[in-house]
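Chain residues, written in single-letter form:
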Amino acid sequence: MPPVSSLAALRRPLALIVVPALALGAMVACDKEAVHVGFRPPTGAIYRYEITVHSVTTTVLGDQPSDRAVDDVTLQSTETVQSSGADGVHVQVLLHRAGSPDRTFQVRFDRGAQLSGVDAVDGLPPEILGPVGFPEFLPAAVTAPPDRPLSTGDKWKIDAQPALGGGAPVRLEGTGQLVKVAGSGGQKVASIKAETRLPLSSTSELGDATATLEGTEVTESTAGRSVSDGSVQSASSVTTGTFRVVVSPKAGADAVPVTGTMSVEIHSDTRRLPDPVTKKG
């Protein structure tokens, strides 16, 4: 049987679970006017966020006792708009977690702020993360509103298949709704909620064994987006998923495949941090 100690490798680093806050859908509203909340940042704009994540992962393999891992992390995200135009928005996302190396993502959003692609991770092709490097944050990333005027109560279908650079194709489906538009801190903020489902199937190498996961993640999320430029002010999401796990020995090894399950529950909250004060003169 493959070493059960390799189970820890099935859990993705939490620093990779969190979506760039710019992609997190929109939230807060109050009148019936139509608003356009597509992402329209100027090139060079910088957005800073604090992200707190609570996750519980329970894994059972074969006849081994269940392995339950609980993790709480706080991340700082600095997002710099590198270009913004008719073809979409290119953003560099720097994630910082105390005690861990910073991670840098190069990501692309369409005009509605939906994630359309991940081009690089720390300067390397995104496939280095494997196809399960993005699922936890991907549902939130594609719950942004459509690029058209919306009125309170409007609903839309979510059907996205972003390019993740060499990983297995993924397709996220669900629904979104504009809840309200209201004033907050001297600006109008649009409030959106969304529910999405993401079927997943992936295979990764674990030492001298191969692990295959299959299942579905479900995410419920809300986020508040400024009507002026579409930037996120606050967001929250809950993601749950149950996966079938098969750990198989490599060809020629004297062992048999082991089956089991892995379940995850992830709670994420994001708040925008004040813009840094720049000294004059």
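Remember, predicted model here, so these are calculated numbers, not experimental data. (Residues numbered from 1 in each chain as written. Predicted model: local features only at pLDDT ≥ 70, side-chain atom pairs only at ≥ 80, totals over all residues. Heavy atoms only, no water.)

1. Brief notes about the overall build of the protein chain
Okay, step 1: If you tally the helices and strands in the protein chain, you get one helix and 11 strands.
Okay, step 2: Put simply, of all contacts in the protein chain between residues at least 6 apart along the chain, 62% involve residues at least 24 apart. (Helix = DSSP H or I, 4+ residues; strand = E, 2+ residues; numbered from the N terminus. Contact = heavy atoms within 4.5 Å.)

2. Thoughts on the pairing of strand 11 (residues 258-272)
Okay, step 1: Both strand 1 (residues 46-61) and strand 11 contribute to a ladder of 13 bridges, which runs antiparallel. When the bridges of strand 11 are listed, valine 53 appears paired with serine 268.
Okay, step 2: Pairing geometry for strand 10 (residues 232-249) and strand 11, over 14 bridges, is antiparallel. Bridge pairing in strand 11 links valine 247 to valine 258. (Pairing = 2+ DSSP bridges.)

3. What to know about the confidence of the model for the protein chain
Okay, step 1: Here the protein chain averages 76 in pLDDT, and 72% of its residues register 70 or above.
Okay, step 2: Across residues 12-31 the pLDDT falls below 50, and counting only partners more than four positions away or on other chains, this stretch makes 102 contacts in the model.
Okay, step 3: Here residues 124-140 is modelled with pLDDT under 50, and outside its nearest four sequence neighbours on either side it reaches 55 contacts, counting other chains as well. (pLDDT = per-residue confidence, 0-100.)

4. Some points on the environment of aspartate 159
Okay, step 1: Note on placement: aspartate 159 falls in strand 6 (residues 155-160).
Okay, step 2: For aspartate 159, a relative accessible area of 37% corresponds to the partly exposed category.
Okay, step 3: Sequence separation of aspartate 159 and glycine 174 is 15 residues, and the distance between their C-alpha atoms is 6.7 Å.
Okay, step 4: Each residue touching aspartate 159, except ones within four places of it in the same chain, is listed here: Arg171, Leu172 and Glu173. (Buried < 20%, exposed > 50% of the residue type's maximum accessible area, 1.4 Å probe, protein only.)

5. Side note on the pairing of strand 1
Okay, step 1: In the sheet, strand 1 pairs with strand 2 (residues 67-85) via 14 bridges, with the strands oriented antiparallel. Directly across from glutamate 50, in strand 2, lies its bridge partner glutamine 76.

6. Focus on the environment of glycine 62
Okay, step 1: Following the sequence through the fold, glycine 62 ends up in the loop between strand 1 and strand 2.
Okay, step 2: For glycine 62, a relative accessible area of 43% gives the class partly exposed.
Okay, step 3: In this structure, the C-alpha to C-alpha distance between glycine 62 and valine 258, residues 196 residues apart in sequence, is 5.7 Å.

7. Notes on the pattern of salt bridges
Okay, step 1: Across all of its chains, the model carries two salt bridges by this definition.
Okay, step 2: In this structure, the salt-bridge partner of glutamate 50 is arginine 271, at a minimum N-O distance of 3.2 Å. Separated by 221 residues along the polypeptide, glutamate 50 in strand 1 and arginine 271 in strand 11 bring together distant segments of the chain.
Okay, step 3: For glutamate 50, a relative accessible area of 22% gives the class partly exposed.
Okay, step 4: Among the ionic pairs, aspartate 71 bridges to arginine 97, the shortest N-O distance being 3.9 Å. With a gap of 26 residues between them, aspartate 71 in strand 2 and arginine 97 in the loop between strand 3 (88-96) and strand 4 (103-109) connect regions that are remote in the sequence.
Okay, step 5: Judged by relative accessible area, which is 27%, aspartate 71 ranks as partly exposed. (Salt bridge = Lys/Arg side-chain N within 4 Å of Asp/Glu carboxyl O.)

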